[in-house]
Amino acid sequence: RRGAEVEGIMSGETALLALETRHFDVIVAECHSAGMSGALLARIVTAHKPGIRMVGFCGSGDICEFLKAGVEAVFEKPGGLSALLDYIFGKHGDSF
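Residues numbered from 1 in each chain as written. Predicted model: local features only at pLDDT ≥ 70, side-chain atom pairs only at ≥ 80, totals over all residues. Heavy atoms only, no water.

### Remarks on the overall build of the chain
In plain terms, the rule: For the purposes of this entry, the term helix denotes a DSSP run of H or I that reaches at least four residues, the term strand denotes a run of E that reaches at least two, and both are numbered from the N terminus. The globule rule used for comparison is 2.2 Å times the number of residues to the exponent 0.38, while the radius of gyration itself is calculated over C-alpha atoms. Residues count as neighbours in contact if any of their non-hydrogen atoms are within 4.5 Å of one another. All accessible areas in this document rest on Shrake-Rupley with a 1.4 Å probe, and a residue is counted as covered only by the protein chains that are shown. In this tally, Asp and Glu contribute negative charge and Lys and Arg positive charge; neither His nor the terminal groups of the chain are included. Taken as the charge centre is NZ of Lys, CZ of Arg, CG of Asp or CD of Glu, depending on the residue.
What the chain contains, in helices and strands, is 4 helices and 3 strands. A globule of 96 residues ought to have a C-alpha radius of gyration of about 12 Å, and the chain, at 12 Å, matches this closely. In terms of overall dimensions, the chain has C-alpha extents of about 30 × 30 × 20 Å along its principal axes. Partitioning the intrachain contacts of the chain with sequence separation of at least 6 by distance along the chain shows that 48% fall at a separation of at least 24. For the chain, the exposed area adds up to about 5,700 Å²; of that, 56% sits on carbon and sulfur atoms. Separation of charge centres in the chain, based on 9 positive and 12 negative side chains, amounts to 3 Å.

### What about the nonpolar core?
Threshold: To form a nonpolar core, buried Ala, Val, Leu, Ile, Met, Phe, Trp, Tyr and Cys residues must be joined to one another through side-chain atoms within 4.5 Å. The classification of residues rests on relative accessible area computed with a 1.4 Å probe and restricted to protein chains. Under 20% of the type maximum is buried, over 50% is exposed, and intermediate values are partly exposed.
The biggest cluster of nonpolar side chains holds 18 residues, and the ones touching the most others in it are Leu19, Ile27, Leu41, Val45, Met54 and Phe66. By residue number, the principal contributor to this core is helix α2 (residues 38-48), which donates 4 residues. In contact with Leu19, other than residues within four places in its own chain, are Phe24, Ile27, Val45, Lys49 and Ile52. Ala4, Val26, Phe75 and Phe89 belong to the second largest nonpolar core, which has 9 residues in total.

### Notes on the pairing of strand β1 (residues 26-30)
Cut-off, in case you're wondering: Paired strands, in this sense, are two strands between which DSSP finds at least two bridges. Classification remark: right-handed applies to a crossover when, strands pointing away from the viewer, the course from the first strand over the helix to the second runs clockwise.
Relative to strand β2 (residues 53-58), β1 is paired through 5 bridges, and the arrangement is parallel. For Ile27, the partnering residue across the bridge sits in β2 and is Met54. Regarding topology, α2 serves as the crossover connection from β1 to the parallel β2, and that connection is right-handed.

### Here's the deal with the sheet that holds strand β3 (residues 73-76)
Going by this rule: For helices, the axis comes from a line fit to the C-alpha atoms of the stretch in contact; other axes are also lines fit to C-alpha atoms, and the angle between any two N-to-C directions lies between 0 and 180 degrees.
Pairing within the open sheet is parallel, and its 3 strands lie in the order β1-β2-β3. A single partner strand is all that each edge strand has here, and the edge strands are β1 and β3. Adjacent strand axes in the sheet meet at a mean angle of 25 degrees, parallel and antiparallel pairs treated alike. Relative to β3, β2 runs parallel, the two sharing 4 bridges. Of the residues in β3, the one forming a bridge with Cys58 is Glu76.

Structure (structure tokens):
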């Protein structure tokens, strides 16, 4: 834990419901989440909630889909988790 409040949400549909009642600074979307893809979630969030930062976390074959969806960065599994955390905290510092 690096000073962030983290909420695990298991599907894109559930994430969209959560966005109706809660604020998130960053959403990390996984490419093959249950239900809708992470890229589709990113497309919806960037279109309707432009203040929320979208980051993708996926295998190498899905990077282009995330970039087309408007995420600000994509990190490749499995080794990208450390880089992902560094990116989020580098961008946001102690704002969490």
